[in-house]
Amino acid sequence: MDQLGMLAASLAVGVVVGVLSGLLGIGGGTLLVPVFKLGYALSPIMSTATSLVTIIPTSISGAVGHIRRKTCIPSLGVAAGIGGALMSPVGVWLATVSPDWMIMAGAALCIAYSAITMFTKAVKAPKGAAAAKADEAADEVPPAPRMTRVQLAQGLGIGLLAGVASGYVGLGGGFIMVPLMVQLFHIPMKLTSGTSLIAVALLAIPAAITQALYGNVMWMAAVAVAVGSIPGALLGARLIPRMPERTLRFVFSGFLLVAAVLLVLNQTGVL
């Protein structure tokens, strides 16, 4: 593919990543790492590093959209983001001393675990008449609950875990934070998506800086994809009030599962 074709493809990928990011509360790394690995033929460490850089403008754009529409819990997002920012450089360091296959295996396992967790919750969600009633209320966004100090401390703990995983496998951390926020705080995804993006925007910065200092970032690819992902994330944030909760969970789990399979197939030489 020539440079013009690669640029057009990067912009298209960026838009898709942005929409999914704003809609599902992920930084987009679950798609970006496979794209950079398969599409750009980057090494695993460069794929994760370039993904982290691209995640920052994508998540900031989506977070701004959610804050404007009040589809997030800013205090919880900041708490998780601080925890993540403290630990994401540790994850980056671990990645630099790990073999390539271990990085990709870690990414695939983390993604698959989150996919299965969210799929299980989607299956257990109300069906039939209850689901139809929920669909009718799809445009309604529940008010953000007031978080206690204990809950904010738990959010910090979630961020610490997500930070290590994010820095290591090059993902934003939403693949861990969204399921945990749903499970621990019983918050609907209409609020967890935006909350997660606030945290992702904070925790990805130190990890990306660390990767850049190691010289692992392919800047041209990162910028090209980010140009498309920024407006895409704003669009995703606008769509979320119209999506039924159960549908969001199925989309989230299915998206993650496909990304995990792609990484495994590539690492084993099938792709």
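What you see is a predicted model, and the numbers here were worked out from it, not measured in a lab.

Secondary structure summary: the protein chain contains 11 helices and zero strands in total. Each helix and strand of the protein chain, ordered N terminal to C terminal, gives the series α-α-α-α-α-α-α-α-α-α-α. Counting the 271 residues in the protein chain, one finds 53% classified as buried.

With that settled, the discussion passes to helix H7 (residues 149-169). Taking 1.5 Å of rise per residue, 21 residues should cover 30 Å, and H7 covers 30 Å from first to last C-alpha, within 8% of that figure. Here H7 has its buried residues at Gly155, Ile158, Gly159, Ala162, Gly163, Ala165, Ser166, Gly167, Tyr168 and Val169. Where H7 terminates, the next one or two residues include glycine 170, which has phi positive at roughly 80°.

This part takes up the environment of alanine 12. Along the chain, the position of alanine 12 falls in helix H1 (residues 3-24). Taking the relative accessible area as the measure of exposure, alanine 12 reaches 43% and is therefore partly exposed. A C-alpha to C-alpha distance of 7.8 Å links alanine 12 and valine 225, two positions 213 residues apart in sequence.

Another aspect to go through is the nonpolar core. Most often, soluble globular proteins keep nonpolar side chains buried together rather than apart. Membership of the largest hydrophobic core comes to 60 residues, with the highest contact counts inside it found for Leu24 and Met177. Looking at this core, the element that brings in the most residues is helix H9 (residues 189-213), giving eight residues. When sequence neighbours within four positions are dropped, the list of residues in contact with methionine 177 reads Ala80, Ile158, Ala162, Gly172, Ser196, Ala199, Val200 and Leu203.

Most peptide bonds are trans, and most residues other than glycine sit at a negative phi. One non-glycine residue, alanine 41, lies in the positive phi region at around 55°. Take alanine 41: it is sitting in the loop between helix H2 (29-38) and helix H3 (44-69). Judged by relative accessible area, alanine 41 falls into the exposed class, the value being 65%. Positive phi is not limited to glycine here, since histidine 186 has a value of about 55°.

The interhelical angle for the contact between H1 and H9, taken along N-to-C directions, is 120°, at an axis separation of 7 Å. Overall, the two elements H1 and H9 adopt an arrangement that is oblique. On H9, the residues touching Ser21, Gly22, Leu23 and Leu24 of H1 are Met189, Ser193 and Leu197. Tallied by class, the residues present in the contact of H1 with H9 amount to four nonpolar, three polar and no charged.

This next bit is on a positive patch on the surface. A cluster of like positive charges, contributed by Arg68, Arg69, Arg238 and Arg242, occupies part of the molecular surface. Tracing the backbone through its elements, the reader meets arginine 242 in the loop between helix H10 (219-239) and helix H11 (245-267). Its relative accessible area of 59% is what places arginine 242 among the exposed residues.

What follows concerns the confidence of the model for the protein chain. Scored by pLDDT, the protein chain has a mean of 82; 88% of the residues are at 70 or more. When mean pLDDT is taken per element in the protein chain, helix H4 (residues 74-96) scores highest with 92 and helix H6 (residues 128-136) scores lowest with 48. pLDDT under 50 marks residues 134-139. Its contacts with residues more than four places away, or in other chains, come to eight contacts.

On to the environment of alanine 208, then. As for its placement among the helices and strands, alanine 208 is situated in helix H9. Note: C-alpha distance between alanine 208 and leucine 52 (156 residues apart in sequence) is 5.3 Å.

Our next topic: a nonpolar patch on the surface. Taken together, Val78, Ile82, Leu86, Leu156, Leu160 and Leu202 make up a surface patch of nonpolar side chains, about 470 Å² in accessible area. Elements supplying a minimum of two residues to the nonpolar patch: H4 and H7. Looking at the nonpolar patch, the element that brings in the most residues is H4, giving three residues. Its location among the elements puts isoleucine 82 in helix H4. In this structure isoleucine 82 comes out as partly exposed when scored by relative accessible area, which is 44%.

Turning our eyes to something else, we now look at the side chain of serine 59. In this fold, serine 59 is placed in helix H3. Here serine 59 is in contact with Leu197, Val200 and Ala201, once residues within four sequence places are set aside.

Thresholds applied
Residues numbered from 1 in each chain as written. Predicted model: local features only at pLDDT ≥ 70, side-chain atom pairs only at ≥ 80, totals over all residues. Heavy atoms only, no water. Helix = DSSP H or I, 4+ residues; strand = E, 2+ residues; numbered from the N terminus. Buried < 20%, exposed > 50% of the residue type's maximum accessible area, 1.4 Å probe, protein only. Expected span 1.5 Å × (residues − 1). Core = buried A, V, L, I, M, F, W, Y, C linked by side-chain atoms within 4.5 Å. Contact = heavy atoms within 4.5 Å. Axes fitted to C-alpha atoms, helices over the stretch in contact; angles between N-to-C directions. Parallel < 35°, antiparallel > 145°, perpendicular 65-115°, else oblique. Nonpolar A, V, L, I, M, F, W, Y, C, P; charged D, E, K, R; others polar. Patch = residues over 30% accessible without salt bridge, like charges linked within 9 Å, V, L, I, M, F, W, Y side chains within 5 Å. Areas by Shrake-Rupley, 256 points an atom, 1.4 Å probe, with all protein chains shown as cover. Salt bridge = Lys/Arg side-chain N within 4 Å of Asp/Glu carboxyl O. Lys, Arg positive; Asp, Glu negative; His and termini not counted. Charge placed at Lys NZ, Arg CZ, Asp CG, Glu CD. pLDDT = per-residue confidence, 0-100.

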